[in-house]
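# Remarks on the overall topology
Listed here are the chains, written in short residue letters.
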Amino acid sequence: MKQHLVIFDTTLRDGEQSPGASMTKEEKIRVARQLEKMRVDVIEAGFAAASPGDFDAIQAIAHAIKDSTVCSLARANENDIRRAGEAIKPAKSGRIHTFIATSPIHMEKKLRMTPDQVVEQAVKAIGWAREYTDDVEFSAEDAGRSEIDFLVRIFDEVIKAGATTINVPDTVGYNIPDQYAETIRQLIQRVPNADKVVWSVHCHNDLGLAVANSLGAVMAGARQVECTINGLGERAGNASLEEVVMAVRTRSDIFPVETRIDTTQIVPASKLVSQITGYPVQPNKAVVGANAFAHESGIHQDGVLKHRETYEIMRAQDVGWTQNKLVLGKHSGRNAFKSRLLELGIEFESDEVLNAAFARFKELADRKHEIFDEDLHALVSDEVVTPDQEFYKLVYSNVCSETGEMPFARVILNVGGVEKKGEAGGGGPVDATFKAIESIVGSGAELLLYSVNAITTGTDAQGEVTTRLAKAERIVNGNGADTDIVIASARSYLNALNKLHSSLDKVRAQGDI
Ligand code: KIV
Ligand code: ZN
């Protein structure tokens, strides 16, 4: 009998800490619904005390999600824990995840606390958390560089205080598979009542070892893996959910565990997260990269045609790769549009937003006869914005681009209700358009990234543009999609400017407890 491996997804919390990956509440709800559909066990929905926006999003997810546990992160202090407790209250199943650092360097230099004080604070934290829920996770931040004797001591104390999951994060991605697995094995052997709790791992990918470390830990007894879609996360990211899940499934001859993940939802989840955060997936990324199942060399193609398993260890359709599916066309009505979106887990807050999205769908269907799920996701990403997120709106754009001449762009923007005109020349049509927009807005933001991807195949595909802007220590990603990539670029740039303009991006909670 295989044991259950708990899949704890932290895309909405650790993943969201990637530069510019901040998501709106509506976007977070869409991701959470997809995670629920994929049958993730625990969704870490955010860090309630980080900002009112985080709190609201966690609360909304706690209301919306029924089949996964909804969790909020909290530092080991009373205010954080009470905020987390309030945020998860509406959840059918809610968890508080509290943490404090345990490595000598973090305790001394960051917390400026003695080990005794850290243990005392951790025990108090569990007590506060247990006032809200019986499902309490404790993380020893930077456990990967902590002393094992101290970990044994603090874990013993927090288990006595009522923690039900014990997490051993490799916060800085410093560990090596054998060594990390040995740490987990020793902890499980030495901590009293280790069999009464779930042992969890949370690995960062600074040395490219997050998945290997997590899997090694599973072999040593860990029964929860914390991970993110596409491996999104701080710096080099977290362990990638799709790689962990598919390794356990593909090598079921080795792993003594199984997950309850519906693997056919992996690729849709990957695309959704990439589209919303503006973080593209590298083509050679395992499982979800565009080339993950593409065989280029003649020898491989020949082998696969003769017998698929000569070169393929997984089936593309098992992880959700399907032919682009034609879902709607120009004759589809509002109801068909609405019900397809519902099937994709997308609900609109008001009929007004639905109508606006439907109008854009009709416009798109006129230019592009076949509309795929990917097009709908992009369209909705563009459309689901509240008025305060759309201070700058594109009214009109025109670009002249001809051989031997400098491209020239004219734009009209609606700026907080007032129409304004701008124009500029540039190195290319996109450059000219951005300069024309800047001639009106004058944001002074620095362009960190500009990328274009075709959403589906064919030259009539929508181009999806990501623009990353930085201003005064804030970094935001903007997205825009259109069959005309200059218009997609303008939308994406304005989307980023709107994020800079709105209060969406939070001031991150600081490191003190
Ligand atoms: O990396 C880390 O240590 C974390 C903890 C808060 C679990 O993200
Ligand atoms: Zn982390």
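A short tour of the structure in this document, coming up. (Residues numbered from 1 in each chain as written. Chains lettered and ligands numbered in written order. Predicted model: local features only at pLDDT ≥ 70, side-chain atom pairs only at ≥ 80, totals over all residues. Heavy atoms only, no water.)

Reading across from one edge, S13-S14-S15 is the order of the 3 strands in this open sheet, with antiparallel pairing throughout. Two strands lie at the open edges of the sheet, namely strand S13 (392-400) and strand S15 (418-425), each paired on one side alone. Strand after strand, the sheet turns through a mean of 15° between neighbouring axes, direction not considered. Of the strand pairs in this sheet, S13 and strand S14 (residues 408-415) are connected by 8 bridges, and their pairing is antiparallel. (Pairing = 2+ DSSP bridges. Helix = DSSP H or I, 4+ residues; strand = E, 2+ residues; numbered from the N terminus. Axes fitted to C-alpha atoms, helices over the stretch in contact; angles between N-to-C directions.)

Now for the coordination of the zinc ion (ligand 2). Distances from the zinc ion (ligand 2) to its protein donors, Asp-14 (OD), His-202 (NE2) and His-204 (NE2), fall within 2.0 to 2.1 Å. In terms of primary sequence, the donors binding the zinc ion (ligand 2) are separated according to D-x187-H-x1-H. This pair shows no difference in class: His-202 is buried, exactly as His-204 is. (Donors = N, O, S within 2.8 Å, 3.2 Å for Na, K, Ca; no water. Buried < 20%, exposed > 50% of the residue type's maximum accessible area, 1.4 Å probe, protein only.)

On the basis of which strands lie adjacent, the open sheet formed by 3 strands has the order S16-S17-S18 and antiparallel pairing. Every interior strand has two partners, whereas the edge strands, strand S16 (446-454) and strand S18 (474-482), have only one. Direction aside, the axes of adjacent strands within the sheet are offset by 15° on average. Bridge count for strand S17 (residues 463-471) against S18 is 9 bridges, and the pairing is antiparallel. From the neighbouring strand, Thr-467 faces S18, where its bridge partner is Gly-478. Lying on the sheet, helix H16 (residues 485-501) is in contact with S16, S17 and S18; it crosses S18 at an angle near 150°. (Contact = heavy atoms within 4.5 Å.)

Neighbouring ligand 1 are Arg-13, Asp-14, His-97, Phe-99, Ser-139, Glu-141, Asn-167, Pro-169, Thr-171, His-202 and His-204. Between ligand 1 and the protein, one listed contact pairs an oxygen atom with a side-chain N or O atom of Arg-13 at 2.9 Å. Within the side chain of Thr-171, an N or O atom sits 2.6 Å from an oxygen atom of ligand 1. Within the complex, the protein chains bury 94% of what would otherwise be the 260 Å² of accessible surface of ligand 1. (Near = heavy atom within 4 Å. Polar contact = N/O pair within 3.5 Å; in protein donor to acceptor, adjacent residues only side chain to side chain. Areas by Shrake-Rupley, 256 points an atom, 1.4 Å probe, with all protein chains shown as cover.)

The next point concerns the side chain of Asn-77. Checked against the element boundaries, Asn-77 lands in the loop between strand S4 (69-75) and helix H3 (78-88). Among the polar contacts made by the side chain of Asn-77, one reaches the main-chain amide nitrogen of Asp-80 at a distance of 2.7 Å.

On to the packing of aromatic side chains, then. The tally for this structure, following the rule as stated, stands at 8 aromatic pairs. Members of the aromatic cluster, joined through ring pairs, are Phe-138, Phe-155 and Trp-199. Geometry around Phe-55 places Arg-83 over its ring, the cationic atom sitting 4.0 Å from the centre. Of note, Arg-468 hangs over the ring of Tyr-279, and the distance from its end group to the ring centre comes to 4.7 Å. (Phe/Tyr/Trp six-rings, centres within 6.5 Å; stacked < 30°, edge-to-face > 60°. Lys NZ or Arg CZ within 6 Å of the ring centre and 35° of its normal.)

One can find Gln-189 in helix H7 (residues 177-190). For the pair formed by Gln-189 and Phe-293, sequence separation is 104 residues and the distance between their alpha carbons is 41 Å.

Phe-138 and Phe-155 are the most contacted members of the largest nonpolar core, which has 96 residues in total. In this view, Phe-155 contacts Phe-138, Ala-140, Ile-166, Asn-167, Val-168, Leu-187, Val-191 and Trp-199; residues no more than four positions away in its chain are not counted. (Core = buried A, V, L, I, M, F, W, Y, C linked by side-chain atoms within 4.5 Å.)

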